Amino acid sequence: MKIATAQFTCVPADMSANVEHMTALIAEARTQGAELVVFPELALTGYELEAVLTRRDLWVRADDVRLDAIRASGVAGVVNCVAATDEDRPAIETLVFGADGELITTYRKQHLFEHERDVFTAGRHDGRFELGGLRFALATCFDNHFTELVARGADDGCDVHLASSLYGTGGGAQELATVYPGIAEDFGLHVVVANHVGPAGAWTGCGRSALWAPGGTLLAEAGTDRPMVVTAEVGRSAARVGDGTGPEARRR
């Protein structure tokens, strides 16, 4: 399967404009042969926590008509957003749509970062799905810094770890370049991260959205200064099909 990671500069709190950007990126990914596209954290609204607190119109559910263009794109998509919940606070949620537009699964960020705890409610369950013969695990930004969450996906037979994230310039860029190839190396997973590029709330996204092979080899990486899509082919790794070198074996 060819998987694309897409980075762009979100228009603050403008869902219509961001959906338009995202559908254009999906179209570009399709020309590269991608069957699945991963987007950054809070891609629908941008990382605009103050707006989220005051505007419930920025909270969505999976069947929101404003997502119709994404669902109709003909490519599976991993879309991170502000999601309405049954509580007074929203969640940072990933919606996974199939190429037919049907909802495959959802995942809510479990490990909220600092100020996010004042705005969102944390998720309580891991995210998994299967597509094209592969099994996927989902995580959002700070989640990926918790080894036990990643380990559960590997132990559950996942082949690919997907992350929607926001890492800024400076120290954030170093974190991105360390955490994700580390997951690929330590757990024998393909790893895909989609990051912001340009202004994103209080930060400036450093770009560098990328894909790594099991073992940590970089397959493809976006630049640092503009929206773009990068694509790589992902398959089942030997470490996931019983050659004795997977994470379970290494942890024994």
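Above this text you will find the structure in question.
Residues numbered from 1 in each chain as written. Predicted model: local features only at pLDDT ≥ 70, side-chain atom pairs only at ≥ 80, totals over all residues. Heavy atoms only, no water.

Undergrad: So what's going on with the overall build of the protein chain? Which residues, and what values?
TA: Summing up its helical and strand segments, the protein chain has six helices and 14 strands in all. Taking 2.2 N^0.38 as the reference for a compact globule, 252 residues should give roughly 18 Å; the C-alpha atoms of the protein chain span a radius of gyration of 17 Å, in line with that estimate. Per-residue burial for the protein chain yields a buried fraction of 58% across its 252 residues. Contacts spanning at least 24 positions in sequence make up 65% of the contacts within the protein chain whose residues lie at least 6 apart. With an accessible surface of roughly 10,100 Å², the protein chain has 48% of that area assigned to carbon and sulfur atoms. Distance between charge centroids for the protein chain: 3 Å, based on 22 positive and 35 negative side chains. (Helix = DSSP H or I, 4+ residues; strand = E, 2+ residues; numbered from the N terminus. Rg over C-alpha atoms; globule rule 2.2 N^0.38 Å. Buried < 20%, exposed > 50% of the residue type's maximum accessible area, 1.4 Å probe, protein only. Contact = heavy atoms within 4.5 Å. Areas by Shrake-Rupley, 256 points an atom, 1.4 Å probe, with all protein chains shown as cover. Lys, Arg positive; Asp, Glu negative; His and termini not counted. Charge placed at Lys NZ, Arg CZ, Asp CG, Glu CD.)

Undergrad: Can you lay out the layout of surface pockets for me, pointing to particular residues and giving the numbers?
TA: Roughly 270 Å³ of internal volume is contained in the largest pocket. Taken together, 14 residues line the largest pocket, and the ones lying closest to its centre are Phe113, Leu166, Tyr167, Glu175 and Trp203. As a volume, the second largest pocket reaches approximately 190 Å³. Taken together, 13 residues make up the lining of the second largest pocket; nearest its centre are Arg108, Ala122, Gly123, Arg124 and His125. Per-element accounting of the lining of the second largest pocket gives the leading share, three residues, to strand 5 (residues 103-108). Looking at the lining of the second largest pocket, its residues break down into two nonpolar, six polar and five charged. (1 Å grid on protein atoms, 1.4 Å probe; cavity = no way out; pocket = protein on both sides within 12 Å on 5 of 7 lines; lining within 4 Å. Points joined across faces, edges and corners; volume = space filled by probe spheres on them. Nonpolar A, V, L, I, M, F, W, Y, C, P; charged D, E, K, R; others polar.)

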